[in-house]
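Spelled out, the chains give:
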Amino acid sequence: MAASHRNRRLLLSATAVVGALLAGCAQFPDEHPRPWSEQPSLEPQAGPQPSIEGEAPPPDPDAPQSAPAEPVGCEDPDTAVIATCLEPVGAVAVLPDGQGALVGERATGRVLLVRRDAEPVELARLPVDASSGGGLTALALSPSYHEDELFYAYITTGGDNRVVRIAAGDSPKPVFTGIPKGGSGNSGALFDDGQGALLVATGNAGNPAAATDPASLAGKVLRINGFGDPAEGNPRPDSPVVAAGLSDPGGICGVPGLGSFWVTDRRAGEDVLHQVRPGRPIGPPAWSWREQPGVTGCAADPGTVVVALRDAAALYTLHPSPDGAFTGQPTKVMEGTYGRFTAAALGPDGLVWLGTANKAGGQPVSSDDRVIRIEPPTGGTAGKD
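Here the structure is a predicted model, which means the values were calculated and not measured.

Conventions and cut-offs
- Residues numbered from 1 in each chain as written.
- Predicted model: local features only at pLDDT ≥ 70, side-chain atom pairs only at ≥ 80, totals over all residues.
- Heavy atoms only, no water.
- Disulfide = S-S within 2.5 Å.
- Helix = DSSP H or I, 4+ residues; strand = E, 2+ residues; numbered from the N terminus.
- Buried < 20%, exposed > 50% of the residue type's maximum accessible area, 1.4 Å probe, protein only.
- Pairing = 2+ DSSP bridges.
- Axes fitted to C-alpha atoms, helices over the stretch in contact; angles between N-to-C directions.
- Salt bridge = Lys/Arg side-chain N within 4 Å of Asp/Glu carboxyl O.
- Core = buried A, V, L, I, M, F, W, Y, C linked by side-chain atoms within 4.5 Å.
- Contact = heavy atoms within 4.5 Å.
- Polar contact = N/O pair within 3.5 Å; in protein donor to acceptor, adjacent residues only side chain to side chain.

Peer 1: Requested: an account of the state of the cysteines, with residues and values cited.
Peer 2: The full count for this structure, using the stated rule, is two disulfides. At a sulfur-sulfur separation of 1.9 Å, the disulfide partner of C74 is C85. Since a negative S-S torsion denotes a left-handed disulfide, the C74-C85 link at about -105° is left-handed. With C74 in the loop between α1 (2–25) and β1 (81–83) and C85 in the loop between β1 and β2 (89–94), this residue pair connects regions lying 11 residues apart in the sequence. For C74, a relative accessible area of 41% puts it in the partly exposed group. The exposure class assigned to C85 is partly exposed, which follows from its relative accessible area of 28%. Between the sulfur atoms of C253 and its disulfide mate C298 the distance is 2.3 Å. Disulfide C253-C298: torsion about the S-S bond near -115°, hence left-handed.

Here you go:
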């Protein structure tokens, strides 16, 4: 009898344990972590993008938009926001780890290192002239940034536009000077071409004729090495110029190594997107906006070009084919979500980083201006050329 009671107690204990285990196994988290995507892509058919362990994934800009929670002071509850309470952003360059970026403030000339949940760190303060559309308008990392931590900036000074090289804590070193400065057309753009050279887009300094003048550096795409000399492989070994015909460029983007790039440009009567192949004429725009939404920075991979819009306060997505034509309907997304976008860059994990300039002509919230990181948009409300 004692054995029977003992067996019954053992059976009841085992049943209780099994019941507890089953109850524990029934608790599933609401969301599963997203798998790591080794190949960054902006293409519409791309799978889920990576999220960082312990961090909420960036919001999907194609999902139905609900009003984000309102910021309180510099505290912004939006999970896409990386940095807050900056001055209007002129440039963003994503770090090789994809978890931080260098951010340039156009009018102050400050270059900041920003990361989520960390205070921005000032790396440099460049003397700039922000009048007539100038200031600090572009940043690019050195091709060997992981070793030397050098970066480049396109700035407007009292007498010219120029490219400078900066090491954290050191004074800027001029690399390429004498780019004409004028009453308009002073913005510039920078991009590492993947061949050890730096692409530099220059404005026409308010003189459209200078853009086609081979003797002028205005309105050109230049290709230089780290010392400011014409890069190896240029069409003319003695010249940095690889394309001509720009007015007021907002950004350069592309896939390093493919030999062609995209340049946004604001010119009289329209905003345009050019495909640039070094050594060939720029030619007619690949896309144009007659309503002039204020194109600025861009981010691209082989299947998609994302263009930031300042005045229209949105993003525009286009899908190029290998010959440079566009397939499908270009779309406008995130209209009015974060206000005026002025900078865009693609991270190594395929996420798009953006900067805003709502304190300069927009309707700022308490946490403006901001740096934002999102999954690449692929759809939305159709835009019109």
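Now that the structure has been shown, the text picks up again.
Peer 1: For the sheet that holds strand β24 (residues 371–374), give the residues involved together with the corresponding values.
Peer 2: Read from one edge of the open sheet, four strands run β1-β24-β23-β22, paired in antiparallel fashion. Across the chains shown, the open sheet's two edge strands, defined by having one partner strand only, are β1 and β22 (341–346). With strand direction ignored, the average angle separating the axes of adjacent strands in the sheet is 25°. Note: β22 against strand β23 (residues 352–356), five bridges, orientation antiparallel. Bridged to L346 within β23 is V352.

Peer 1: Lay out the pattern of salt bridges with the relevant residues and their values.
Peer 2: Summed over all chains, the structure comprises 17 salt bridges. Measuring nitrogen to oxygen at the nearest pair gives 3.0 Å for the salt bridge that ties D97 to R115. Residue D97 is found in the loop between β2 and β3 (100–105), and its partner R115 is found in strand β4 (residues 110–115); the two are separated by 18 residues along the sequence. Since its relative accessible area comes to 41%, D97 is described here as partly exposed. By relative accessible area, R115 is classed as partly exposed at 30%. A salt bridge links D160 to R162, with the nearest nitrogen and oxygen atoms 3.1 Å apart.

Peer 1: Run through the nonpolar core, naming residues and quoting values.
Peer 2: The biggest cluster of nonpolar side chains holds 17 residues, and the ones touching the most others in it are L102, V111, L126, L139 and F151. Elements with a minimum of two residues in this core: β2, β5 (121–125), β6 (136–141), β7 (150–156) and β8 (161–167). What L126 contacts, discounting residues up to four positions off in sequence, is T108, G109, V111, L136, A153, I155, V164, I166 and P172. Judged by nonpolar contacts, the second largest core, of 16 residues, contains L273, W289, L318 and F326.

Peer 1: Run through the pairing of β2, naming residues and quoting values.
Peer 2: Successive residues of a regular strand alternate their side chains across the two faces of the sheet. In terms of residue burial, β2 counts as a mostly covered element, since six of its six residues are buried. Here β2 runs beside β3; their pairing, made up of five bridges, is antiparallel. The residue bridging V89 from the neighbouring strand is E105, located in β3. Between β2 and β3, which pair antiparallel one after the other, the connecting turn spans five residues, and G98 there sits at a positive phi close to 75°.

Peer 1: Can you break down the sheet that holds β8 residue by residue, with the values?
Peer 2: A sheet is described by the order of its strands in space; here four strands give the open sequence β6-β7-β8-β9, paired in antiparallel fashion. Either end of the sheet is taken by a strand with one partner, and the two such strands are β6 and β9 (173–179). Ignoring strand direction, the axes of neighbouring strands in this sheet form an average angle of 15°. In the sheet, β8 pairs with β9 via four bridges, with the strands oriented antiparallel. Of the residues in β9, the one forming a bridge with N161 is I179.

Peer 1: Explain the environment of P127 to me, using residue names and the numbers behind them.
Peer 2: Tracing the sequence through the fold places P127 in the loop between β5 and β6. Between the alpha carbons of P127 and T156 there is a distance of 8.5 Å; along the sequence they are 29 residues apart. If we ignore the near neighbours within four places in the chain, the residues touching P127 are I155 and T156.

Peer 1: Quick one: what's the story with the environment of T108, residue by residue and with numbers?
Peer 2: With respect to the secondary-structure elements, T108 resides in the loop between β3 and β4. We classify T108 as partly exposed; its relative accessible area is 29%. Sequence separation of T108 and E87 is 21 residues, and the distance between their C-alpha atoms is 7.6 Å. When residues no more than four places from it in sequence are discounted, the contact partners of T108 are E87, R125, L126 and V128. One polar contact links T108 to E105, side chain to side chain, over a distance of 2.6 Å. Within polar-contact distance, the side chain of T108 engages the backbone nitrogen of R110 at 3.1 Å.

None of the figures reported here should be taken as evidence of function without further support.
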